[in-house]
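Examination of the molecular architecture
Chain by chain, the residues run as shown.
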Amino acid sequence: MLDATLYQSMFTRSPIGAIVLSASADPVILDVNEAFLRDVGQTREQLVGQVLFAVLPAPPEDPDDPYSNGVTALRNALARVLATGEPQSLTTQRYPIRSILADGREVFVERFWSVTNTPVFDDDGSLRCIHHVSIEVSARKQAEEALLLSRREALDAARRAEAERARLGAVLQAAPVGIVLADAGGKVIESNAAHDALWRRHCEPGAAPLDFSEWKGWWADGSARHGQALAASEWPLAAALRGEPSAHHLIEIETFGPSRARRIVVCSAAPIRGHDGQVDAAVVVLLDMSERLRAENALRDADRRKDEFLAMLAHELRNPLAPIMAASELLVHGAATPATVKQASSIIGRQARHLTGLVDDLLDVSRITRGLAVVDKSPLDLGTVVAEAVEQVQPLIASRGHSLALDV
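Nothing here was measured: the structure is a model prediction, and the numbers come from that model. (Residues numbered from 1 in each chain as written. Predicted model: local features only at pLDDT ≥ 70, side-chain atom pairs only at ≥ 80, totals over all residues. Heavy atoms only, no water.)

Points about the layout of surface pockets
When its volume is computed, the largest pocket comes out at roughly 490 Å³. Tyr7, Gln8, Val20, Val120 and Cys129 are, among the 13 residues lining the largest pocket, the residues nearest its centre. Going through the elements one at a time, α1 (4–13), β6 (112–121) and β7 (127–136) are the ones with two or more residues in the lining of the largest pocket. Top element by residues in the lining of the largest pocket is α1. It accounts for five residues. Here the lining of the largest pocket is built from residues that sort into eight nonpolar, two polar and three charged. (1 Å grid on protein atoms, 1.4 Å probe; cavity = no way out; pocket = protein on both sides within 12 Å on 5 of 7 lines; lining within 4 Å. Points joined across faces, edges and corners; volume = space filled by probe spheres on them. Helix = DSSP H or I, 4+ residues; strand = E, 2+ residues; numbered from the N terminus. Nonpolar A, V, L, I, M, F, W, Y, C, P; charged D, E, K, R; others polar.)

Written as C-alpha cells, this is what we have:
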C-alpha cells in the first residue's frame, strides 16, 4: 500500500492544476499544487486557508449574462457536488484571473478553464473535501474563436463576393453593348444579352472554346486594309487571349442564323492577368454602330441633295432676271408706245410671279424639313409653260445671235 507522502508528492507535482476545497457552501482552499499556483500567479501562502471566491475574485458580472465571469457556474457545480455527492464538470468555462500591475492597478486577464470537481469521502462515507482540477484551455479557446471568426469572415466574404457578382451580372446584362468574358482557353465565362442579340447566337458559358474561324468580319476602318476579311487570329478577342490589348477597331461582321445580316461594330478587347502576370481571361466589348452610320450617311445624302437643290435654285433665280432687265431697258430707251409698254409690263409681271414661285420653292425646303409641305395639284397649260420658258431665255438667245424655232 502506498503511503500518504507519495500521494502528497503526486498531488503537489502534478502538471495539471488542482486544489482541495472544504465541503462547505463557501469553500475554503485547503491545499493547492504547484501547477495551479503557476496558472493563477499566486503563492501557497496567499491561497491556502482563504475562501475560494474571496482570494480568486472575478470581475463584475454582465447583467445580460450571469455566467459571464464563471463564478455562478462554479458555485452551482460545487453546490451540486455537496447535494448529490457526484463529480461535476464544466467544459470551457470563462473565469478571468485578477492580476496586480507594477503601478498597483488591478486588472483581470481573460482565461478559460476546463474544470472537474470530484467529491472525496471518509471511510464512513461522509463527504470530507472536494478535489478541484482545472485545466487552462485559453489557447484552445482563442484558436477556436479565431477559427470561428475566420469562418464567419470567409462566409461574409463569400456573401459579399456573391452580391458583387450579382450586381456585376445585372450591370453586364443591362449594358447596351455586347460583352463576352472568356477564360485563357477561349471558353466563354459570361455573355450578355446584347452580345447574343448582336450575333444572333447565344454563347453558352463553359461550352467548347470559341472558334474564331466561324466568325466572318471585314475591316471597315477606311485604312488600306478596308474591306479585307479578318483572319481568325486578327479578331480582337483572339489577340487579347494572347496578351495583346486591341482597342477601337471598326469591323463589319456577319451575323449567324438563317437570315444573315451585316452589322458594323466598334470592337475593343483586353487581357485579364493574374498575380503571376499570366493571362487568366480576356474581355471583348462590341458597340453596334450600324444605325448611327446609316443615320450619318442619310444626313450626308440629305445635305448633298440640299446643296444640289440650292445650286439649281440659284440658277433658276437668274433666268427671270434677263427678261425683266430687257423689258425695263425697252421701257427706258425704246419708243414708249402703248403696245410696247403693255408688252414690257406683261413680261415683267410674269417673270416677277415666276421669281415669287422660286422663292416659295426655297421656303418649301424649310416646310419639308418640318413635315409641313403640301403638294398642290392643278391642271396646267403646257403651251403657256413653254412660252414662259422661251420668254426667259429669249434675251440670252438674242445676245448670242442665236435663233430659236418653236412649234407648239
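There is more to say, and it comes next.
Focus on the confidence of the model for the protein
Low pLDDT marks regions whose predicted coordinates should not be analysed in detail. Averaged over every residue, the pLDDT of the protein is 85; the share at 70 or more is 94%. Across the protein, strand β2 (residues 29–32) holds the top mean pLDDT of 95, while helix α11 (residues 338–369) sits lowest at 76. (pLDDT = per-residue confidence, 0-100.)

Looking at the side chain of Asp39
Structurally, Asp39 is set in helix α2 (residues 34–40). In this structure, Asp39 is buried with no salt-bridge partner, the nearest side chain bearing the opposite charge being Arg111 at 4.9 Å. Excluding anything up to four places from it in sequence, Asp39 contacts Gly17, Arg111, Trp113, Ser134 and Glu136. (Buried < 20%, exposed > 50% of the residue type's maximum accessible area, 1.4 Å probe, protein only. Lys, Arg positive; Asp, Glu negative; His and termini not counted. Salt bridge = Lys/Arg side-chain N within 4 Å of Asp/Glu carboxyl O. Contact = heavy atoms within 4.5 Å.)

Points about the pairing of strand β12 (residues 262–273)
Pairing between strand β11 (residues 246–254) and β12: seven bridges, direction antiparallel. Note that in β12 the partner of Ile251 across the bridge is Val265. Following β12, the chain reverses through five residues before pairing antiparallel with strand β13 (residues 279–288); Gly277 in that reversal takes a positive phi of roughly 85°. (Pairing = 2+ DSSP bridges.)

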